[in-house]
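Geometric and topological summary
What follows is the residue order along each chain.
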Amino acid sequence: AYTAALQEFRAAPWRPPGLAGASYPADPDDLRDTLQGYVDSAPDTGQQTDGRSMRGLVSPHIDYQRGGPVYAQVWDRVAEAVREAEIAIIFGTDHISGREGLTLTHQHYATPWGVLPTAHPVVEAVAQAMGDKVAFRDELHHRVEHSIELAAVWLHYLMRDKGDKPCELVPVLCGPFQRFVTEDDPPGQDVTMSAAIQALRAATASSRTVVIAAADLAHVGPAFGDSYPIDFVGRAGLTAADQKFMATICTGDAEAVFQRVKEEQDRRRICGLPPIYLTLRYLDGAKGQVSGYMQCPADQRNTSLVSICGIVLR
């Protein structure tokens, strides 16, 4: 059954937008109005990011209903730069996977506005560096995983009037870092991961490339297995911890970002760690600026929270 499902996924002309009509409107005009509404209602910072300096961003992957303002704050800041991009690498959390590593696909990603083509030569170069068995072993996860899709929709929203030369995607799902957190070897010593990053850099060196970490931050409270509800004091503590984490991301030091999570044994369940870490590894020294932050309710009593942020990387 798994083999048949994988063959069906690979034979399709593109990966259909799985959340269209559920988490966001399937009608392209309604979707445009929805995203523009988030942009119009977001606080006006008066700041746009110069395309020559912007190299990447951290964007949430929570649903738009809860995270819309933070999505709007970061994507509106980088709109000009994103429109100039020729390739967009999207590192997204693989919520299904139980093992570390990167998972590629050759499939194009569709949105209600059409199809964002996948950059096959780049995918093939990275797969060759990793080995096909490793690079595509969990490819079927792309079919249902939402993290890349929710970033791709915002990307396509900004690109939809670009014309005949759309931006190409490199969609990469990122498995959890739990083994690195609990054991002694850090992700920086993982040979396959390092080879993939080097190959990705080489394959995109001649293209105007933007890198997106589709990443949420902490998951805390009873909904995620904690024995206590998050009250006012808990919110304040979460804010302080997240601010330190975001400040570390803004230094551009991928290893420092990992070490901050390892020191607390990932007790706040930062599911966006792998995409953020790999984005910083690829960019190698880019500095960040926080564009937005929210704590989103994760249960009906508002005693569990998911924290999210937007960060522009230059």
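Anyway, here's the lowdown on the structure attached to this text.

Reading the values: the criteria
- Residues numbered from 1 in each chain as written.
- Predicted model: local features only at pLDDT ≥ 70, side-chain atom pairs only at ≥ 80, totals over all residues.
- Heavy atoms only, no water.
- Axes fitted to C-alpha atoms, helices over the stretch in contact; angles between N-to-C directions.
- Helix = DSSP H or I, 4+ residues; strand = E, 2+ residues; numbered from the N terminus.
- Parallel < 35°, antiparallel > 145°, perpendicular 65-115°, else oblique.
- Left-handed = near helix turned anticlockwise from the far one by under 90°.
- Contact = heavy atoms within 4.5 Å.
- Bend = angle between axes of the 7 residues up to and from the residue.
- Buried < 20%, exposed > 50% of the residue type's maximum accessible area, 1.4 Å probe, protein only.
- 1 Å grid on protein atoms, 1.4 Å probe; cavity = no way out; pocket = protein on both sides within 12 Å on 5 of 7 lines; lining within 4 Å.
- Points joined across faces, edges and corners; volume = space filled by probe spheres on them.
- Nonpolar A, V, L, I, M, F, W, Y, C, P; charged D, E, K, R; others polar.
- Phe/Tyr/Trp six-rings, centres within 6.5 Å; stacked < 30°, edge-to-face > 60°.
- Pairing = 2+ DSSP bridges.

Attention now goes to the packing of helix α5 (residues 120-130) against helix α10 (residues 191-204). Packing of α5 against α10 brings their axes to within 8 Å, and their N-to-C directions diverge by 150°. As summarised for this structure, α5 and α10 are arranged roughly antiparallel, according to the angle between their axes. With respect to the hand of their crossing, α5 and α10 are arranged in right-handed fashion. Only Thr192, Ala195, Ala196, Ala199, Leu200, Ala203 and Thr204 of α10 make contact with α5, whose side of the interface consists of Val122, Ala125, Val126, Ala129 and Met130.

On to helix α3 (residues 64-77), then. Residues three or four positions apart in an α-helix share a direction because the helix packs 3.6 residues into each turn. If you look at α3, its biggest bend is around 35°, right at Val70. Taking burial as the measure, the 14 residues of α3 include ten buried ones, the bulk of the element. When we look at burial in α3, the residues that qualify are Tyr64, Gly67, Gly68, Val70, Tyr71, Ala72, Gln73, Val74, Trp75 and Arg77.

As enumerated under the stated definition, the model contains one cavity of 30 Å³ or more in all. As a volume, the largest cavity reaches approximately 30 Å³. Considering the residues around the largest cavity, the lining is formed by Ser97, Arg99, Glu100, Gly101, Leu102, Thr103, Arg137, Asp138 and Gly175. Tallied by class, residues from the lining of the largest cavity come to one nonpolar, four polar and four charged.

Our next topic: the packing of aromatic side chains. Applying the stated criterion across every chain, the model contains nine aromatic pairs. Both rings, one in Phe177 and one in Phe258, keep their centres 6.4 Å apart while their planes meet at 70°; by these two values the pair is edge-to-face. In this pair, Phe177 sits in the loop between β6 (168-174) and α9 (178-182) while Phe258 sits in helix α12 (residues 254-263), placing the two residues 81 residues apart along the sequence. Given a relative accessible area of 4%, Phe177 falls into the buried group. Taken together, the aromatic side chains of Tyr24, Tyr64, Tyr71, Trp113, Trp154 and Tyr157 make up a single cluster linked through ring pairs.

A word on the pairing of strand β2 (residues 87-93). If a strand is regular, its side chains alternate between the two faces of the sheet. Across the seven residues of β2, seven count as buried, placing the element largely inside the fold. Across the two faces of β2 the burial is the same, with Ile87, Ile89, Phe91 and Thr93 and Ala88, Ile90 and Gly92 all buried. As paired strands, β2 and β6 are joined by seven bridges and run parallel to one another. The residue bridging Gly92 from the neighbouring strand is Leu173, located in β6. Bridge count for β2 against strand β7 (residues 209-214) is six bridges, and the pairing is parallel. Within the sheet, the bridge partner assigned to Gly92 lies in β7 and is Ala214.

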